[in-house]
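A structural walkthrough
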Amino acid sequence: MSAISRRAAILAVPAAGTIAIAHASPGDQVISFTAKRSKDTLPVSPPLGAPFIIYYTLLDPTGGSVGDGSLLGMVVDVVVDVPPKIVVQTKSIFRLPGGEIHVSGMEIRKVPDPGVKRPIAVVGGTGIYASARGEGTIEHQTADLSAVSLTVTTG
């Protein structure tokens, strides 16, 4: 059996939903979607070192489901302020048609925080994203919705 090309693999993915994809430069794709929080274990006043998990449903611009994802985070610092702020280190997996994209980041957690785009790094993936690298942003628009935009280089 011969190996399947990346183009053939992409064209074979069923169109259950579509994510916004644009090409930034040769070899780069800008992938945008909304992550809707469906489960969350982050306590209201988390202590230093507290781990937490967030589960997402990923949505296209029309609100249709295009996948799911999860975030594993840990509180790495507490900033004395009113109200106190927490610094979290996160690792996320976004499961999209054709594969997974893995990202990592660190932020002062404030949700919601519309208009503030926090940087995240694309650190790998699976399927058509097996060689993924790049960067992106996450914007916590509401308590349950976050806009994600990734510039992904593969190949």
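Residues numbered from 1 in each chain as written. Predicted model: local features only at pLDDT ≥ 70, side-chain atom pairs only at ≥ 80, totals over all residues. Heavy atoms only, no water.

1. Topic: the overall build of the protein chain
For clarity, the threshold we go by: A run of H or I in DSSP becomes a helix once it reaches four residues, and a run of E becomes a strand once it reaches two; helices and strands are each numbered from the N terminus. Throughout, a residue-residue contact means that at least one pair of heavy atoms, one from each residue, lies within 4.5 Å. For the area figures, the Shrake-Rupley method with a 1.4 Å probe applies, and any residue is considered shielded solely by the protein chains shown.
Helix and strand counts for the protein chain come out as one helix and nine strands. In sequence order, the secondary structure elements of the protein chain are arranged as α-β-β-β-β-β-β-β-β-β. Taking contacts inside the protein chain between residues at least 6 apart in sequence as the whole, the part at least 24 apart equals 43%. Only carbon and sulfur atoms are counted for the fraction: they give 61% of the accessible area of the protein chain, which is about 8600 Å².

2. Concerning a nonpolar patch on the surface
What counts here: For patches, a residue must show more than 30% relative accessible area and have no salt bridge; joins then use 9 Å for like charges and 5 Å for nonpolar side chains, namely Val, Leu, Ile, Met, Phe, Trp and Tyr. Whenever a carboxyl oxygen of Asp or Glu lies within 4 Å of a side-chain nitrogen of Lys or Arg, that contact is scored as a salt bridge. Here's how the labels work: a residue is buried when its accessible area is under 20% of the maximum for its type, exposed when over 50%, partly exposed in between, all with a 1.4 Å probe on protein chains only.
Taken together, the side chains of Met 74, Val 76 and Met 106 make up a nonpolar region of the molecular surface, amounting to roughly 260 Å² of accessible area. Mapping Val 76 onto the fold places it in strand 4 (residues 65-79). Overall, the relative accessible area of 31% leaves Val 76 in the partly exposed class.

3. Quick word on the pairing of strand 3 (residues 51-59)
For the record, the criterion: One bridge is not enough; two strands pair if DSSP finds at least two bridges between them.
Two elements, strand 2 (residues 28-40) and strand 3, share six bridges in a ladder whose sense is antiparallel. Bridge assignment links Thr 34 to a residue of strand 3, and that residue is Leu 59. Relative to strand 4, strand 3 is paired through nine bridges, and the arrangement is antiparallel. When the bridges of strand 4 are listed, Ile 54 appears paired with Leu 71.

4. Some points on the nonpolar core
We count it as follows: In plain words, nonpolar cores are sets of buried Ala, Val, Leu, Ile, Met, Phe, Trp, Tyr and Cys residues tied together by side-chain atoms within 4.5 Å.
Among the nonpolar cores identified, the biggest contains 26 residues, and Ile 101 and Leu 150 are the most heavily contacted of them. Contributions of two or more residues to this core are made by strand 2, strand 3, strand 4, strand 5 (85-96), strand 6 (99-109), strand 7 (118-125) and strand 9 (145-153). Sequence-distant contacts of Ile 101, defined by excluding residues within four places in its chain, comprise Ile 31, Ser 92, Ile 93, Phe 94, Leu 96, Val 122, Gly 124, Gly 125, Tyr 129, Leu 150 and Val 152.

5. A few points about the pairing of strand 7
As paired strands, strand 6 and strand 7 are joined by four bridges and run antiparallel to one another. When the bridges of strand 7 are listed, Ser 104 appears paired with Ala 121. Note that strand 7 and strand 8 (residues 133-140) share five bridges and pair antiparallel. Bridging from a neighbouring strand, Arg 118 pairs with Ile 138 of strand 8.

6. Side note on the pattern of salt bridges
Scanning the model with the defined rule gives seven salt bridges in all. The salt bridge partner of Lys 85 is Asp 81, with a shortest N-O separation of 3.1 Å. Measuring nitrogen to oxygen at the nearest pair gives 3.5 Å for the salt bridge that ties Glu 107 to Arg 109. Among the charged side chains, a salt-bridge network with shared partners connects Glu 107, Arg 109, Asp 113 and Arg 118.

7. Description of the packing of aromatic side chains
Selection criterion: Ring pairs are drawn from Phe, Tyr and Trp, using the six-membered ring of Trp, whenever the two centres fall within 6.5 Å, and their geometry is named by plane angle: stacked under 30 degrees, edge-to-face over 60, tilted for the rest. A ring is considered to have a charge above it if a Lys NZ or an Arg CZ atom is located within 6 Å of its centre and within 35 degrees of its normal.
One pass over the structure, following the stated rule, counts one aromatic pair. A centroid spacing of 5.1 Å and a plane angle of 70° characterise the contact between Phe 33 and Phe 94, whose relative ring orientation is edge-to-face. Residue Phe 33 is found in strand 2, and its partner Phe 94 is found in strand 5; the two are separated by 61 residues along the sequence. Given the relative accessible area of 4%, Phe 33 is considered buried. Judged by relative accessible area, Phe 94 falls into the buried class, the value being 1%. Taking NZ or CZ as reference, Lys 39 lies 5.8 Å from the ring centre of Tyr 55, over its face.

Don't take any of this as a statement about function, it's just geometry.
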